[in-house]
Amino acid sequence: KNEVEQSPQNLTAQEGEFITINCSYSVGISALHWLQQHPGGGIVSLFMLSSGKKKHGRLIATINIQEKHSSLHITASHPRDSAVYICAVFFGNEKLTFGTGTRLTIIP
Amino acid sequence: EPEVTQTPSHQVTQMGQEVILRCVPISNHLYFYWYRQILGQKVEFLVSFYNNEISEKSEIFDDQFSVERPDGSNFTLKIRSTKLEDSAMYFCASNTGLGETQYFGPGTRLLVL
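Predicted, not measured: the structure shown is a model, and the values here were computed from it. Counting restarts for each chain: residues are numbered from 1 in the order of the written sequence. All chains are assigned letters beginning with A, and all ligands numbers beginning with 1, in the order in which they are written. Local features in this predicted model are restricted to residues of pLDDT 70 or higher, and side-chain atom pairs are both shown and tallied only at a pLDDT of 80 or more, whereas totals for entire chains, interfaces and linings draw on every residue. Side-chain metrics in this entry use all non-hydrogen atoms of the structure; hydrogen atoms and water are not considered.

What counts as a helix is a DSSP run of H or I of at least four residues, what counts as a strand is a run of E of at least two, and both are numbered from the N terminus. A tally of regular secondary structure across chain B gives zero helices and eleven strands. If you list the helices and strands of chain B from N to C, you get β-β-β-β-β-β-β-β-β-β-β. For a compact globule of 113 residues, the expected C-alpha radius of gyration is about 13 Å, and chain B comes in at 13 Å, within 12% of that figure. For chain B, the C-alpha atoms occupy an extent of roughly 35 × 30 × 25 Å along the three principal directions. Relative accessibility under 20% of the residue-type maximum defines a buried residue, over 50% an exposed one, and the middle range a partly exposed one, all with a 1.4 Å probe and only protein chains included. By the burial criterion, 47% of the 113 residues in chain B qualify as buried. Accessible surface computed for chain B: about 5,700 Å², of which carbon and sulfur atoms make up 47%. Atoms considered for the radius of gyration are the C-alpha atoms alone. The globule rule reads 2.2 Å times the number of residues to the power 0.38. Reported accessibility uses the Shrake-Rupley method at a 1.4 Å probe radius. Residues are deemed covered only where the shown protein chains occlude them.

Here's what the structure looks like:
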């Protein structure tokens, strides 16, 4: 069965801390999305990657295809980073299969 | 920067009524999607649409649901006879090609009473 697991489910950290959110999936994929969902509900695509590593500002995403695992890192975290971060994958077809999300809260 | 838009932002309807949710994808995109998120649950795929026809749909997308691209810009999701369990946030997304980054609209929050 094609599944996506995220950990942790909830994460609270102090401003400035380095954050890591993990995603693992059950079978081979063609690509993986990291998404950010704000309290109002809107979804923003942060990264799409199929190998290696991508960086955008304070956000870094890595993927290990052999281990079926991806991580999202946030450096120098800030309260405005507080959101739900969602991992979603393409299992070789058109539809995205979503993880349950990680709720991140950054305390000033 | 181009973005996906959705209307209405909120809709309240009575059980059994028909609703149409509207989306305007990014203009040069070719693939269109509908997803839903029931409160407190994960986002679920409903349907993908390409070249004026459904290319893939989930088990959720039964005969009560339909999609249409009535003109060159709008992409609609119709629920024929709403049920209480259809209450959810519905997201539209679009992209330029298979496996490419999908761009999401802000969502329509549907409440069925």
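What follows concerns the interface of chain A and chain B. It is common to report an interface's size as the accessible area lost on association of the parts. Any pair of residues with heavy atoms lying within 4.5 Å of one another is described as a contacting pair. Counting residues at the interface gives 19 residues for chain A, matched by 19 residues for chain B. Under this definition, polar contacts are N or O atom pairs within 3.5 Å; protein pairs additionally need one hydrogen-donor-capable and one acceptor-capable atom, and for neighbouring residues in sequence, both atoms have to be side-chain atoms. Here chain A and chain B share two residue pairs in polar contact (both at pLDDT 80 or more) between them. Listed by contribution, the elements that provide at least two residues to the side of chain A that touches chain B are strand S4 (31–37), strand S5 (43–49), strand S9 (83–90) and strand S10 (96–98) of chain A. For the side of chain A that touches chain B, the leading source of residues is S4(A), giving four residues. Charged residues are taken to be Asp, Glu, Lys and Arg, nonpolar residues to be Ala, Val, Leu, Ile, Met, Phe, Trp, Tyr, Cys and Pro, and polar residues to be all remaining types, Gly included. When the residues that make up the side of chain A that touches chain B are grouped by side-chain class, the tally is eight nonpolar, nine polar and two charged.

Residue and element names in this part refer to chain A. For two strands to be treated as a pair, DSSP must find at least two bridges joining them. Note: strand S6 (residues 52–56) against strand S7 (residues 59–64), five bridges, orientation antiparallel. Each bridged residue has a counterpart across the sheet, and for Lys53 the counterpart in S7 is Thr62. Between the antiparallel neighbours S6 and S7 lie two residues, among them Gly57 with a positive phi of about 65°. Between S7 and strand S8 (residues 69–74), which follow one another and run antiparallel, lie four residues, and Lys68 among them has a positive phi close to 55°.

What follows covers the state of the cysteines. All names here are of chain B. Defined by distance alone, a disulfide is two cysteine sulfur atoms within 2.5 Å. For the coordinates displayed, the defined rule picks out two disulfides over all chains. Cys23 shares a disulfide with Cys92; S-S distance 1.9 Å. Taking the torsion about the sulfur-sulfur bond, which here is approximately -60°, the covalent link between Cys23 and Cys92 counts as left-handed. Of the two residues, Cys23 is situated in strand S3 (residues 19–24) and Cys92 in strand S9 (residues 88–95); the sequence distance between them amounts to 69 residues. You'll find Cys23 and Cys92 in the same group, each marked buried.

Working definition: two side chains of opposite charge can pair if their charged atoms are close together. Residues and elements named next belong to chain B. The working definition used for a salt bridge is a side-chain nitrogen of Lys or Arg within 4 Å of a carboxyl oxygen of Asp or Glu. In this structure the tally under the stated criterion is two salt bridges over all chains. A salt bridge links Glu44 to Arg36; its shortest N-O distance comes to 3.2 Å. Arg36 gets classed as buried once you look at its relative accessible area, which sits at 10%.

Attention shifts here to the environment of B:Thr82. All names here are of chain B. Of note, Thr82 is situated in the loop between strand S8 (75–79) and S9. Between the C-alpha atoms of Thr82 and Val112, which are 30 residues apart in sequence, the distance is 6.9 Å. One polar contact links the side chain of Thr82 to the main-chain carbonyl oxygen of Gln17, over a distance of 2.9 Å.

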